[in-house]
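Descriptive analysis of the structure
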Amino acid sequence: MMSYMENSKVSIAIIGVGPKGLYTYLRILEQARHHPNILYIINLVEPNIIGCGFAYDPSQPDFLLMNNCNHHLDYSQLLIEVGLDDAMDYQQFVEVNNLVAFDNFDEGFSPRCVVGAYLRYLYDEGRNHAPGNVTTAIHRKVATSIIPQNIQYTIMLDDNSQLCVDKICLTTGHGILNQAIHDPRSSSRMVYPVNSQVVDAKLSQKTIRCVGFGLTFIDFFLSATEGRGGRFDLTKM
């Protein structure tokens, strides 16, 4: 917890505002409610959609799924902790907006774009109910470096602008490589964005070698099958 004297001001930068940055933002808003005489200036540094980041972009194809079932997408405790008791939980949000139909909600696997839409909803709810002593500034930039300056920090952004803040929350999470891994035996390339790199790519009758079998492989496999009009046939396994 940050300790500041009453009737003071604190400037904070959250670098990377995907899910973890969003949760940090919501918790700072809750802290601000308990310190009404402190002015909080919160800078959100995120080039992608606030609250979603790259991984949960609501515009991504719906065949890209979560790697854990809906049972684990329980935001009820978070909503209580950040003072959003009246906000919809994830299941309510999905059902009220008719986003996905599940035979068994708890055992289903949600599209990441739907989870992203919920995260964006939480951001909107948090900001709309922010206390009056909070000012939020959005910077749709990439932070390139952090320079300590006495008791503050200077954050350099990719447009050569800079921010000076008292505190930094670094919640960058997952990212993507700027360049494909060089492999002399083949022409390697990244999977993302999947529509141009996989779904619309000329892959028919080609042999594809995958390096690794993690989450990126799952995205590739879904994009190369369901994303291209295919389907899984369990009877042939």
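Please read all numbers here as calculations on a predicted model, not as lab measurements.

1. As for the side chain of Q60
- Mapped onto the fold, Q60 is located in the loop between β2 (39-45) and α2 (76-81).
- Judged by relative accessible area, which is 12%, Q60 ranks as buried.
- In terms of polar contacts, Q60 uses its side chain to reach the backbone carbonyl oxygen of D57, at 3.0 Å.
- Looking at Q60, its side chain comes within polar contact range of the side chain of R112, at 3.4 Å.
- Once you skip the residues sitting within four places of it in the chain, Q60 turns out to touch F54, A55, R112 and C113.

2. Overview of the confidence of the model for the protein
- Taken residue by residue, the protein gives an average pLDDT of 88. The fraction at 70 or more is 89%.
- Overall, residues 178-188 carries pLDDT values under 50, and its contacts beyond four positions in sequence, including any with other chains, amount to eight contacts.

3. Re the sheet that holds strand β4 (residues 143-149)
- What the three strands build is an open sheet, ordered β4-β5-β6; its pairing is antiparallel. If you trace the sheet from one side to the other, it starts and ends with β4 and β6 (162-165), each paired once. Averaged over all pairs of adjacent strands, the angle between their axes in this sheet comes to 20°, without regard to strand direction.
- Examined bridge by bridge, strand β5 (residues 152-157) and β6 share four bridges and lie antiparallel to one another. Following the sheet pairing, I155 is matched in β6 by L163.

4. Describing the nonpolar core
- Counting residues in hydrophobic clusters, the biggest one holds 37 residues, and the most contacted among them are Y25, Y40, I42, L44, Y75, Y90 and Y118.
- Looking at this core, the elements that each hand over two or more residues are β1 (9-15), α1 (19-33), β2, α2, α3 (90-96) and α4 (112-128).
- In terms of residue count, α4 provides more of this core than any other element does, eight residues in total.
- Those residues in contact with L44 that sit more than four places away from it in its chain are I14, V17, Y25, I50, Y123, T136, A137, I138 and H139.
- Core analysis: the second largest hydrophobic core is formed by 11 residues, F63, L64, L203 and F220 among them.

5. A few points about the packing of aromatic side chains
- For the structure on display, the rule yields 10 aromatic pairs.
- Note on F102 and F105: the rings are 5.4 Å apart at their centroids and 85° apart in plane angle, and the pair reads as edge-to-face.
- Judged by its relative accessible area of 12%, F105 falls in the buried class.
- Connected via pairs of aromatic rings, a cluster forms that spans Y75, Y90, F93, F102, F105, Y118 and Y121.

6. Section: the packing of α1 against α4
- In contact at an axis separation of 10 Å, α1 and α4 are set at 20° when each is read in the N-to-C sense. Judged by the angle between their axes, α1 and α4 are roughly parallel. Judged by the sense of rotation from one axis to the other, the crossing of α1 with α4 is left-handed. Facing P19, L22, Y23, Y25, L26 and L29 of α1, the residues of α4 in contact are L119, L122, Y123, G126 and R127.
- Looking at the contact of α1 with α4, its residues break down into nine nonpolar, one polar and one charged.

The rules behind these values
- Residues numbered from 1 in each chain as written.
- Predicted model: local features only at pLDDT ≥ 70, side-chain atom pairs only at ≥ 80, totals over all residues.
- Heavy atoms only, no water.
- Helix = DSSP H or I, 4+ residues; strand = E, 2+ residues; numbered from the N terminus.
- Buried < 20%, exposed > 50% of the residue type's maximum accessible area, 1.4 Å probe, protein only.
- Polar contact = N/O pair within 3.5 Å; in protein donor to acceptor, adjacent residues only side chain to side chain.
- Contact = heavy atoms within 4.5 Å.
- pLDDT = per-residue confidence, 0-100.
- Pairing = 2+ DSSP bridges.
- Axes fitted to C-alpha atoms, helices over the stretch in contact; angles between N-to-C directions.
- Core = buried A, V, L, I, M, F, W, Y, C linked by side-chain atoms within 4.5 Å.
- Phe/Tyr/Trp six-rings, centres within 6.5 Å; stacked < 30°, edge-to-face > 60°.
- Parallel < 35°, antiparallel > 145°, perpendicular 65-115°, else oblique.
- Left-handed = near helix turned anticlockwise from the far one by under 90°.
- Nonpolar A, V, L, I, M, F, W, Y, C, P; charged D, E, K, R; others polar.

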